[in-house]
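A closer look at the structure
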Amino acid sequence: MLATLAMSGQDCGRRAAEDIAKVAKAAFETSQLIPSSERVKVLYELRQELEAAKDKILAANKTDLEAAQAEVDAGRMSDSLLKRLDLGKGDKWDSMLQGVVDVAELPDPTGIVSYASELDDNLELYRVSCPIGVLLVIFEARPEVVVNIAALAIKSGNAAILKGGKESNETTQLLSEAIQTALSRTAIPSTYIQAIQTRAEVSALLKLDQYIDLVIPRGSNSLVRNIQNSTRIPVMGHADGLCSVYLDQSADLEKAVRVVLDSKTDYPAACNAAETLIVHESVLSTVWPAVANALLAADVQLLCDPPSLSVLNSPTPAPPNFASNIHPSTPSSYTTEHLNLTLSVVTLPSLVAAISFINAHSSHHTDCIVTEDEVSASTFCRGVDSAGTFVNASTRFADGFRYGFGTEVGISTGRIHARGPVGLEGLVTYKYVLKSKGEKGHVVGEFGSGEGKKKYKHRKIDATSAPF
């Protein structure tokens, strides 16, 4: 009897998830025949609705924070996850609203012709950007992601199903209501953006590749790995944010201090914060001590290899936290995403060795070189196999908002379709449109190598002449 009931419950859950996915697919298909100007209208309606509901949303966020703090105190949640949950921290709320407007004002990424060719007289081929379809986006803690992704999905013409972490349920629910209200004031179906609450729904949705076109996970390594191993649907995302900064032999001391300090301390819990510092052996006694002192002053824990540790053995004067904040590193130090004020340090003899180390240990997210040598900078950017390679700039710049994408749906460390911060352009694919303007149309049988057969012209034509 119990087994029957359990099976019945699972079946109900599967059917409910299938209903959600079907409705999302239908909303997507309907939206393709609605002018893109309606999508822009939704975003301005959304900003207005969020502003009107601000007090309620922040009150709900406070409730989530209080519950999360209890989980942290009990040792069941990390402090870094708690920090990501606070929607009222700093300018996060204002940035979220501005992101909606920024996305609204970006050019429409759909309907762009990137290739145009005349195959024959009056037979024209066009490659045209179009939405991907239905997105399933799963994320942890950061409730503003609901709005960020909804804005990008709407503007790019994609329907979306959103699943936030249980730690942000109260906030997510009100944000989702604001999105639904904004949609209801336009011609876009209100089911265009849906929010789900349970893991069971996620598990069921991951099996529905006939309705869902792309899964985007944002969260911990375990979350992303679990999703990648649980679905046939394409997955776009990254599992770790193992970013590094390399101090080249020509590194300027002031730049080194500023870049390393910002990369590590601006927001240590972010995926684009530096986790490893690589020091060229020639700057161990010059640049490294100044960088180390700045990091110690910011209360960073340093996990040092023997060469970098030995240089710091007898500083004069010694920082007050010298003994408590400097420790020997272990091999696992360089494959750990600390997500706090901890930085692993390794010494290497050359730029080539640094590139090799990064490619072997990083998560291919974002890596930086501090150098005054243009050849070294160029070599680093070519050699490091990461979504972002920076020169004399903090790894924290790896962000859709800072890149000018309005906001981002996530960071992709993959090599196909989209890479790095994924904004509007990463949420479109393309289709080929072939149009015959001939009196009798065109058929393949008229072309070939035999007598009387026509040859293809394959002549590039002006993309702006596209008839749509």
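Before reading further, recall that the structure is shown in the block above.
In what follows, the accompanying structure is described. (Residues numbered from 1 in each chain as written. Predicted model: local features only at pLDDT ≥ 70, side-chain atom pairs only at ≥ 80, totals over all residues. Heavy atoms only, no water.)

**Let's talk about the pattern of salt bridges**
Counted according to the given criterion, the structure contains 20 salt bridges. The closest approach of N and O atoms between Arg232 and Asp209, which form a salt bridge, is 3.1 Å. With Arg232 in the loop between α9 (221-228) and β7 (243-247) and Asp209 in the loop between α8 (199-205) and β6 (214-218), the pair connects residues that are 23 residues apart, well separated along the chain. Measuring nitrogen to oxygen at the nearest pair gives 3.1 Å for the salt bridge that ties Asp385 to Arg419. In this pair, Asp385 is assigned in the loop between α15 (374-383) and β13 (388-391) and Arg419 in the loop between β14 (410-412) and β15 (420-422), connecting sequence segments 34 residues apart. For Asp385, a relative accessible area of 29% puts it in the partly exposed group. Judged by relative accessible area, which is 35%, Arg419 ranks as partly exposed. Taken together, the shared-partner salt bridges connect Glu45, Glu49 and Arg185 into one network. (Salt bridge = Lys/Arg side-chain N within 4 Å of Asp/Glu carboxyl O. Helix = DSSP H or I, 4+ residues; strand = E, 2+ residues; numbered from the N terminus. Buried < 20%, exposed > 50% of the residue type's maximum accessible area, 1.4 Å probe, protein only.)

**What to know about the packing of helix α2 (residues 36-52) against helix α5 (residues 92-105)**
Contact geometry of α2 with α5 gives a least axis separation of 8 Å together with a crossing angle of 165 degrees. Here α2 is positioned roughly antiparallel relative to α5, judged by the angle of their axes. As α2 runs across α5, the sense of the crossing is left-handed. Here α2 contributes Val40, Leu43, Tyr44, Leu46, Arg47, Leu50 and Glu51 to the contact with α5, which in turn contributes Trp93, Met96, Leu97, Val100, Val101, Val103, Ala104 and Glu105. Classifying every residue of the contact of α2 with α5 by side-chain character gives 12 nonpolar, no polar and 3 charged. (Axes fitted to C-alpha atoms, helices over the stretch in contact; angles between N-to-C directions. Parallel < 35°, antiparallel > 145°, perpendicular 65-115°, else oblique. Left-handed = near helix turned anticlockwise from the far one by under 90°. Contact = heavy atoms within 4.5 Å. Nonpolar A, V, L, I, M, F, W, Y, C, P; charged D, E, K, R; others polar.)

**Concerning the side chain of Asp305**
Position of Asp305 among the secondary structure elements: in the loop between β9 (301-304) and α12 (306-311). A distance of 2.6 Å separates a polar atom in the side chain of Asp305 from a polar atom in the side chain of Ser308. Leave out the neighbours within four places in its chain, and Asp305 touches Ser329, Tyr334, Val345, Val346 and Thr347. (Polar contact = N/O pair within 3.5 Å; in protein donor to acceptor, adjacent residues only side chain to side chain.)

**Side note on the pairing of β9**
Sheet topology note: the β9/strand β11 (residues 342-348) ladder contains 4 bridges and is parallel. Residue pairing for β11: Leu303 is matched across the bridge by Ser344. (Pairing = 2+ DSSP bridges.)

**Looking at α9**
Listing the buried residues of α9 in full gives Leu223, Val224 and Ile227. Projection of α9 onto a plane perpendicular to its axis shows the buried side chains occupying an angular sector of 95 degrees, all on one side. Packing partners of the buried residues in α9 comprise β3 (134-139) and β6. (Arc of directions from axis to C-beta.)

**Some points on the side chain of Glu38**
By the secondary structure assignment, Glu38 is in helix α2. There is no salt bridge for the buried Glu38, and the closest opposite charge comes from Lys41, which lies 4.5 Å off by N-O distance. With residues near it in sequence (within four places) discarded, Glu38 still touches Thr186, Ala187 and Ile188. (Lys, Arg positive; Asp, Glu negative; His and termini not counted.)

**Regarding the nonpolar core**
The biggest cluster of nonpolar side chains holds 68 residues, and the ones touching the most others in it are Leu50, Ile161, Ile193 and Leu205. When sequence neighbours within four positions are dropped, the list of residues in contact with Ile193 reads Ala150, Ala153, Ile154, Ala160, Leu162, Ile179, Gln180 and Leu183. Counting 31 residues, the second largest nonpolar core, distinct from the first, contains Leu277, Leu302, Phe322 and Leu343. (Core = buried A, V, L, I, M, F, W, Y, C linked by side-chain atoms within 4.5 Å.)

**A look at the environment of Asn272**
Relative to the elements of secondary structure, Asn272 occurs in the loop between α10 (253-265) and β8 (274-280). Judged by its relative accessible area of 3%, Asn272 falls in the buried class. Taking the C-alpha atoms as reference points, Asn272 and Cys243, 29 residues apart in sequence, are found 6.4 Å from one another. Contact partners of Asn272, with chain neighbours within four places excluded, come to Cys243, Ser263, His365, Thr395, Arg396, Ala398, Asp399 and Arg402. At a separation of 2.8 Å, a polar atom in the side chain of Asn272 contacts the side chain of Arg396.

**What about empty space enclosed by the protein?**
Enumeration according to the criterion identifies 2 cavities of 30 Å³ or more in this entry. One number sums up the size of the largest cavity: a volume of about 60 Å³. Lining the largest cavity, in full, are Leu242, Cys243, Ser244, Thr276, Tyr334, Phe357, Ile358, His361 and Ser362. For the lining of the largest cavity, the secondary structure elements donating two or more residues are β7 and α14 (351-361). Sorting elements by how many residues they give to the lining of the largest cavity places α14 first, with 3 residues. Taken together, the residues of the lining of the largest cavity break down into 5 nonpolar, 4 polar and no charged. (1 Å grid on protein atoms, 1.4 Å probe; cavity = no way out; pocket = protein on both sides within 12 Å on 5 of 7 lines; lining within 4 Å. Points joined across faces, edges and corners; volume = space filled by probe spheres on them.)

Treat this as a map of the structure, not an account of what it does.
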